[in-house]
Structure formats: C-alpha cells, structure tokens
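Below, each chain spelled out in residue letters.
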Number of protein chains: 2
Amino acid sequence: MGKEKTKINVPGFLANGISVGIKEGPQKDLALIYSSVPAKVAAVFTKNTFKSAPVIIDAERVKKGLAQAIITNSGCANAATGKEGYQDAMTVSAALSKQLKIKEELILLGSTGVIGKKLPVKKIEGGIGKLVKGLNEFGIEDAEEAMMTTDKYPKIAIRRGIVGAKDITICGIAKGAGMIEPNMATLLTYVMTDALIDVKALNTVFHQAIDSTFNTISVDGCMSTNDTAIIMANGLAGNNPLERAQARLQRFRDMLTDVLTELSLAVVKDGEGATKFISITVDGAKSRSDAKKAAYSIANSNLVKTAFFGEDPNWGRILAALGSSGVPFEKEKASITIGGMLVFSQDTPAAIQLNKLQGIYQKDRIDVHVQLGNGDKSYCVYTSDLSYDYVKINADYST
Amino acid sequence: MGKEKTKINVPGFLANGISVGIKEGPQKDLALIYSSVPAKVAAVFTKNTFKSAPVIIDAERVKKGLAQAIITNSGCANAATGKEGYQDAMTVSAALSKQLKIKEELILLGSTGVIGKKLPVKKIEGGIGKLVKGLNEFGIEDAEEAMMTTDKYPKIAIRRGIVGAKDITICGIAKGAGMIEPNMATLLTYVMTDALIDVKALNTVFHQAIDSTFNTISVDGCMSTNDTAIIMANGLAGNNPLERAQARLQRFRDMLTDVLTELSLAVVKDGEGATKFISITVDGAKSRSDAKKAAYSIANSNLVKTAFFGEDPNWGRILAALGSSGVPFEKEKASITIGGMLVFSQDTPAAIQLNKLQGIYQKDRIDVHVQLGNGDKSYCVYTSDLSYDYVKINADYST
C-alpha cells in the first residue's frame, strides 16, 4: 500500500506466489507463507455450516497452537466438495510437508474461488516444488497477488514498533471483494509477526482485534464457506515475552488492530463494484447487539446501497431500513444525520437543503449517524454501495 | 389480468383513479374505492417502527371493524413526516368525508412513494370532487393504475363462486415492485368482496391468507413504512352468513387465498428489474421458523440473485447462503435440488451435467428445493433475481 516492495518483509518469514494454471491465463494462483521456525498460531474461521475442506483441517490443526506454513490457492474454494475435497486438501498438505521437510500438523491450508468445484490437485502438486524453491524474504506481495480473485488491488498492511524492548514487525495480507459479511468478514487474512508471545495471549488479542475490525464490515451481507483469519508469531524478535494481562500486550494489540483496520477498510473500498465508502454508526442503543443489528439493517439494505450509488439523497430509505430492523426504540427520540447534516429527528424531517445533501451523497465517503435515544451503546459498520458493476461481476462469476 | 375490462367489478363497490399532479406527467396518482354501504373490514400493516401517517390512522380506524372507503395516493409515502404528515392525512380524510357524506371513521387512507416528502394536500383536496364524481362500477382498474409507482403492469385478481348458497365475488388489487419483504410483503393490497361475513371470521381468514401468500415473498428484503393490506366485505351478496368454524368459511378462505396468491406472485414477477421468478422451498426443518429463516437466507442473498440474473449455474452460492443462515442442521443430511436436478447431497456435489443445469438457469422460472433432513417442517418463499435494472431503478428514484 504505497510502501516500497523491498520493505514488505517480516523477520523469519519467507513467501512466494506463482501460477500453476488453476485460473485460466497467466495470473498467480498458488501462495505460500513459511516461517523458518514453528510459530505460535491463532485463527478465526467462518461460522458457515458448509465449511470448506481447508477450514475444517485448519480448525483442527491450530488447536495445538503451532504452525509453520500456509499454502493457499485461488480459483477454487474446495468447499462443498465432501470427503474427496478433504482428501484433496490432505494430498496438498502431504506434498508440501515433504517439500518443506516439516510435520504435516504444522501446515495450514487456504482456498478461495468457486464453491463446489473439485480442487485441481495435480496442478497444485506439480507446482509445489517451484513454489518452495522460490520462497524469499520479499515474497509476501507475490503471495498476496496469488490469493486475489475479483480483488482489484492487493491488500497489505505493515507496522513496525518497539514492543517488549525490541523492534517487532506485524504484517497482514487480505483477500476480499465479494461474500463479505461479519463473522469473519473476509475470505482470507493472514498476519505474520516476529513478536514473541504466549499462545493464549495471541489468541485473545487476535479475537479482540478481529472483532473490532473485520467483524464490523459488510459488502454484500453474504458469509462465505471459506472465511479464515490466521496469525503466526515466530518469536524471532526476541522481545520480552508478551503474556496476558501485561501492559506491553496492549501495545501489541494496538499495532495488530491498526494492521487489521487498514486491511478491513481496504476490503470494503475494494468491495465488488464499490464506488463509495460508507460508515453507519448507531448510537444510543440499549445494547451493543441492538446497535449492531440496527447498523447492519441499514448497511445491508439494497435500497440504501443503490441510493448511495445513484447519489440520490433518498434518506427515507435509511429510515425505513432502521425501522425494519426489529430493534426496539421510540421513533420520537431517534435521529438520523448524514455527512453531518441532520435529516430527521423528533419524528419529523429536518429542514433539509436538498442541494447540500446531494453534495454529501456525491462524495466518495459518506458517514451516516443514527441516534436511537434508548441507551448508551454503539456500533459502527463499514460498507460500500451497490452498483451495476456488483451485478455484472457476480452475474458471471463461475462460467 | 387477461380478463375483459367490463368484468372487473364487485357488487356494491365503486371505484375511480385520476391524476391530480402529485406525480410529474399525466399518470394517475389518486385512487378511491367506495362501498355503497359500510363494510366489515380487516387489515394487516407493516411492522416498521416508522409507520406512515395513513398506516397509523388506518390501524386505529379498522379496530371498529367497519369501513366504507379507501383513498390512496401514489408519488408520496407520507411517512417520516411527523405530526404535519398526520395532519395532512387527516385533512384528506375530512375532505373526502364531506364529499362522500360519510363519517370520517369509515374512511381509510393509503400512500405510496418517496419517504420523508410532505404530502401535497392541496392537490389532493382539489381533486377529491372529481374523484368522487367519477366513481363507477368498473373503476377498479383506474384505481389500481393510480396506485402504481415503479410497477410495470397493474395487478388485479378476481374470483367468483358460490359460497353460502349465493354467488359471491372477491377482487383484489395490489401495488408492489420494490421494498418487498415479508411482514406484509407488498406496499398496498386492497380486497373487495360482497360476501356476508362476520368481522371476527373475516379477520381470521384474512390473516391466514396473507400469511400464506404475501408473507412468503421477497424482492429485495426491504420492509417499507407503508405496507398495508385491507379487505372490505359489504355483505350485499346476501349469502348465508360466514362465521368462524363453519365449513363454508373454508370455501371463502380458499377463494381469498387464490386471489392473494395470484396478486403476490404478480408482485414478485413485477419485482423491480426482475427477469426471473424463483421459488425457494426448504423441507425437513425442525420448525417452520427454521425453514423460513433458511429459505429467506437464500432468497435474500445478493450473490444467489445475481447468479440467477446472469444464468450462471453457480449453485455453491445457494449452499453458502444456506450454511450462513444460522439454522442448525447436519450438512451430511442436507441436499439441494435446482429445477429437479440434484446438485448436492451427502456433503458431496452430485454428478452435474453442467449444460443441463445451465439450461435450468436459463428458464424464466426456477425452483430451488432444499432438504435439511432435520424434521418435517417446510417453508416456501417466492423471489426474483437481482439485475442491472434493479440497480438502475433504485439508484435514481427520488430525484
């Protein structure tokens, strides 16, 4: 993201991305991230009932708290592929284990692409030698590129800082675009760090950071079968170890949250067909879950999203979406503000200058603020508009 | 709907539809339905917190069980208009009461169009004389036309039959197109009948019939501020009275359900930008609400809807939407069938003939059948696809 290529590296991590012909054309479609030593690992997965084969395997393997490599293909989700899909993923795992000379249990897998399609195992197996041979310190961008599907640009975020008396690096890469919804609102996110951290502490801060970043975005309200976020911490920075309930853990969490914030916002900006970046903040709710429900009711309304795309200041649709959320509130106490302009309060439309409101709708970023007047809990959701291009991209995806 | 114009009438009901300039251009925008005698009435309204002024007034008035007229404007929803909007609606009610020489309590109101816009009361008041003067036995089609917004064609359904030893008529009109979602999945539906029926029985059968028709459709998952369904029964058929727990009431309910089925399916077919009619049936659920939740999770998925529009047989999206519904089931027991072709069962994709499946996606009507293998409850939802035209229509609605 504007950084020089040579700067994107994390001590002890090697990466690579190549094309093995899973996708048509010359695009990269196979990625590998490798830590020179086994790393502490934590992960968050989709809650979809139809979890992909890689998700099923990873969820089991991360329980031991250690991982050393993540291999990921784009062009095929290996989801809804049953036992055969599971075997295919295990075949990839075994082949990589052999090449890297590490235990299979230390290998994690990722897949993204069309659901219900058989994984082209032979192509992947055939490419693993080249993939491993090409591993290098500055290969993270190639790996990210190989994970992309309908993404328009790669999403990489990096932070460096002193934690526990040493310089540490946290670098994350993400693949997003469509099927973006909370409960892991991204298809794939991998974070690499050289921080030395206790696995329980890693697990806690990773879940916290995901909850306040990827779990607050939405592109189309669709939750995928493959959503996976993994963090690997290889400890090579040699910092004073980070453990639970330590002040320095807070510093690490802030850096991690920074990285994930940058990635999650990049995922929304690169939402399929997105032309605008929209924040929906709901304040004054009785509970955080009420605020969240109301915010998503607005963020996922096709009528709200098309109005933003069309720059049509039809604020009544925001009101209708809010009112249909099922969240209890008194309409007399609620208010709606768009881009700083009050449009509705005390059950009455405000005196709106239509051309000024139109101007707000014409901006690239639009902030919607809802006050429910029913408590002190809040939630903020980031989303995008619904455009012709969303329909176009998704009307012709698999064929 | 294919019937001759002169046939659309219900004994004792007069109607009319005219243009009073609420919409730009010559389109009709003010409708009146009038029964020569006070009629028994039942109604179902939106559950939106921001109910429109007409909904608030109607909900109060129908409690008495009698009504004689419904006046409806298109071009303005009179919702989110506060006390002023309420007063505006009351002004219309008073003016019509004077013209018709009936009590205000017998008058119901309907509005549809942009939310948050002030009702042009003067235009409506100015047109009421002409509207009442033009009331006629065959005016139902004009009334329907005046209720249309983005509807492409009028929606009228009529049934005649012998009930309680007399010929009775049931005729319904509906206005739909966008903001179509259960909990009254239509903006406005009015049903007229000359049947003689007890008001409690009317209320019961109307709710039952709505529940199995309008509450099972979805165009865009957006619930409006104005959704209203009203039935008026003026008793002029002189049939043996219909009361609760009578066999002949069942016959009336069947006819009514027929009328509402035809109207609700017409609303889906005329969904904004719709090019396909899609049914989603979920069987084998533990409860009806589970089946409903799963069916709507699929019906409201933008990724499923765009794939149907693009005729892209990407069935994995149906599976992903099902798996993200939050409904508990075992994936090994679930199956998905599209247009009679099994695509997924026993956690494994079926041997799909892609060109045959493509052929199914190319049809105007597509039936999706999901078996959860978890019980014996079912639900069926009717919906449409998501097209460029949906985005186009809704990106530029209010301005």
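Predicted model only: the values in this text are computed from it and were never measured.

Moving on: the overall build of chain A. A count of helical and extended segments in chain A gives eleven helices and 15 strands. Against the compact-globule benchmark of 21 Å for 399 residues, chain A has a radius of gyration of 22 Å, which places it among compact chains. Overall size of chain A, expressed as C-alpha extent along the three principal axes, is 70 × 50 × 40 Å. Of all 399 residues assigned to chain A, the portion counted as buried reaches 60%. For chain A, long-range pairs separated by at least 24 residues make up 82% of all intrachain contacts whose partners lie at least 6 apart in sequence.

A separate point is the pairing of strand E10 (residues 277-285) of chain A. Residue and element names in this part refer to chain A. Across seven bridges, E10 lies against strand E14 (residues 365-371) in parallel orientation. Each residue of the ladder has a partner; that of Ser 279, found in E14, is Asp 367. Summarising the sheet, E10 and strand E15 (residues 377-384) pair through seven bridges and their orientation is antiparallel. When the sheet's bridge partners are listed, Ile 278 is paired in E15 with Thr 383.

Before going further, it helps to examine the relation of the copies chain B and chain A. Structural alignment of chain B on chain A gives an RMSD of 0.1 Å, achieved by rotating through 180° and translating 0.0 Å along the axis. Expressed as a symmetry operation, the mapping of one chain copy onto the other fits a two-fold axis. Residue Tyr 388 of chain B, judged by its C-alpha, is the member of chain B lying nearest the rotation axis, at 2.7 Å. Of the interface residues in chain B, 100% have counterparts in chain A that sit at the interface too, so the contact is made through matching surfaces.

Let us now look at helix H6 (residues 247-269) of chain B. For H6 of chain B, built from 23 residues, the straight-helix expectation of 33 Å at 1.5 Å per residue is met to within 8% by its first-to-last C-alpha distance of 33 Å. Looking at H6 of chain B, one finds that the buried residues are Leu 249, Phe 252, Met 255, Leu 256, Val 259, Leu 260, Leu 263, Ser 264, Val 267 and Val 268 of chain B.

Attention shifts here to the sheet that holds strand E8 (residues 217-218) of chain A. All names here are of chain A. Strand order across the open sheet formed by seven strands is E8-E15-E10-E14-E11-E12-E13, with mixed pairing between neighbours. With partners counted over all chains shown, the strands left at the sheet margins are E8 and strand E13 (348-349), one partner each. Most of the contacts of helix H6 (residues 247-269) go to E15, to which it runs at about 50°, and overall it touches E8, E10 and E15. Each of strand E11 (335-338), strand E12 (341-345) and E14 touches helix H10 (residues 354-361); the most contacted strand, E12, lies at about 110° to it.

A positive phi is found at Asp 347 of chain A, a non-glycine position, where the angle reads about 60°. Considering the arrangement of structural elements, one finds Asp 347 of chain A in the loop between E12 and E13. For Asp 347 of chain A, a count of 18 C-beta atoms within 10 Å puts it in the partly exposed group. One non-glycine residue with positive phi stands out, namely Asn 78 of chain B, at about 45°. Within the element layout of this structure, Asn 78 of chain B appears in the loop between strand E3 (66-74) and helix H2 (82-100). Take Asn 78 of chain B: there are 32 C-beta atoms within 10 Å of it, and that puts it in the buried class.

With that out of the way, let us pick up the sheet that holds strand E8 (residues 217-218) of chain B. Residue and element names in this part refer to chain B. Strand order in the open sheet formed by seven strands is E8-E15-E10-E14-E11-E12-E13, with mixed pairing between adjacent strands. Sheet topology places E8 and strand E13 (348-349) at the edges, where each strand pairs with a single neighbour. Of the strand pairs in this sheet, E8 and strand E15 (residues 377-384) are connected by two bridges, and their pairing is parallel. Opposite Ile 217, over in E15, you have Tyr 382 as the bridge partner. Running over the sheet, H6 touches E8, strand E10 (277-285) and E15 and is turned about 50° from E15. Packed on one face of the sheet, helix H10 (residues 354-361) meets strand E11 (335-338), strand E12 (341-345) and strand E14 (365-371) and runs near 110° to E12.

It is worth spelling out the pairing of E11 of chain B at this point. For a regular strand, side chains alternate in direction, first toward one face of the sheet and then toward the other. Residues and elements named next belong to chain B. Residues Ile 336 and Ile 338 of E11 are buried on one face, while the alternating residues Ser 335 and Thr 337, pointing to the opposite face, are not. Pairing of E11 with E12, which is carried by four bridges, proceeds in the antiparallel orientation. Paired with Ile 336 across the two strands is Phe 344, which belongs to E12. Hairpin connection from E11 to E12: two residues lie between these consecutive antiparallel strands, with Gly 339 at a positive phi of about 55°. One ladder, built from four bridges, connects E11 with E14; its direction is antiparallel. Residue pairing across strands places Ile 338 opposite Val 368, the latter belonging to E14.

So, on to the domain arrangement of chain A. How big an interface is tends to be stated in terms of the accessible area lost upon association of its parts. Residue and element names in this part refer to chain A. By domain assignment, chain A separates into domain 1 (5-269) and domain 2 (277-395). Computed from C-alpha coordinates alone, the two centres of domain 1 and domain 2 are separated by 33 Å. Opposite the ten residues of domain 1 that make contact, domain 2 presents eleven residues. Going through the elements one at a time, E8 and H6 are the ones with two or more residues in the side of domain 1 that touches domain 2. With three residues, H6 is the single largest residue contributor to the side of domain 1 that touches domain 2. Grouping the constituent residues of the side of domain 1 that touches domain 2 by class yields four nonpolar, five polar and one charged.

All names here are of chain A. When the pLDDT values of chain A are averaged, the result is 91; 95% of them are 70 or greater. Mean pLDDT across the elements of chain A bottoms out in E8 (78) and peaks in strand E1 (residues 13-18) (98). Note that pLDDT drops below 50 for residues 1-6; the model gives that stretch seven contacts with residues more than four away or on any other chain. The ipTM assigned to the predicted complex is 0.82, against a pTM of 0.85.

Another point: the packing of helix H2 (residues 82-100) of chain A against helix H3 (residues 121-133) of chain A. All names here are of chain A. Where H2 contacts H3, the axes come no closer than 10 Å and their chain directions differ by 20°. Here H2 lies roughly parallel to H3, going by the angle between them. Regarding H2 and H3, the two cross each other, and that crossing is right-handed. Residue-level contacts link Asp 88, Thr 91, Val 92, Ala 95, Leu 96, Gln 99 and Leu 100 of H2 to Val 121, Ile 124, Glu 125, Ile 128, Gly 129 and Val 132 of H3. When its residues are assigned to classes, the contact of H2 with H3 shows eight nonpolar, three polar and two charged.

So, about the environment of Ala 237 of chain A. All names here are of chain A. Inspection of the secondary structure puts Ala 237 in the loop between strand E9 (228-233) and H6. It is 8.3 Å that separates the C-alpha atoms of Ala 237 and Thr 169, two residues lying 68 residues apart in sequence. When sequence neighbours within four positions are dropped, the list of residues in contact with Ala 237 reads Pro 11, Lys 166, Asp 167, Ile 168, Asp 194, Ala 195 and Leu 196.

Each partner contributes to the interface: chain B provides 51 residues, whereas chain A provides 53 residues. Of all the elements in the fold, those that place two or more residues in the side of chain B that touches chain A are helix H8 (302-309), helix H9 (316-323), E13 and helix H11 (388-395) of chain B. It is H9 of chain B that provides the largest number of residues to the side of chain B that touches chain A, a total of six residues. In the side of chain B that touches chain A, the residues fall into 23 nonpolar, 22 polar and six charged.

Residue and element names in this part refer to chain A. Relative orientation of the contacting elements helix H7 (residues 288-299) and helix H9 (residues 316-323) amounts to 135°, with a least axis distance of 8 Å. Comparing their axes, H9 and H7 come out oblique. Between H7 and H9 lies a crossing whose hand is right-handed. Where H7 abuts H9, its residues Ala 294, Ser 297 and Ile 298 lie against Ile 318, Ala 321 and Leu 322.

Conventions used here
Residues numbered from 1 in each chain as written. Chains lettered and ligands numbered in written order. Predicted model: local features only at pLDDT ≥ 70, side-chain atom pairs only at ≥ 80, totals over all residues. Helix = DSSP H or I, 4+ residues; strand = E, 2+ residues; numbered from the N terminus. Rg over C-alpha atoms; globule rule 2.2 N^0.38 Å. Buried ≥ 20, exposed ≤ 12 C-beta atoms within 10 Å, placed from the backbone. Contact = placed C-beta atoms within 7 Å. Pairing = 2+ DSSP bridges. Least-squares fit on C-alpha atoms with pLDDT ≥ 70 in both. Expected span 1.5 Å × (residues − 1). Axes fitted to C-alpha atoms, helices over the stretch in contact; angles between N-to-C directions. Domains from an automatic or database assignment. Nonpolar A, V, L, I, M, F, W, Y, C, P; charged D, E, K, R; others polar. pLDDT = per-residue confidence, 0-100. Parallel < 35°, antiparallel > 145°, perpendicular 65-115°, else oblique. Left-handed = near helix turned anticlockwise from the far one by under 90°.

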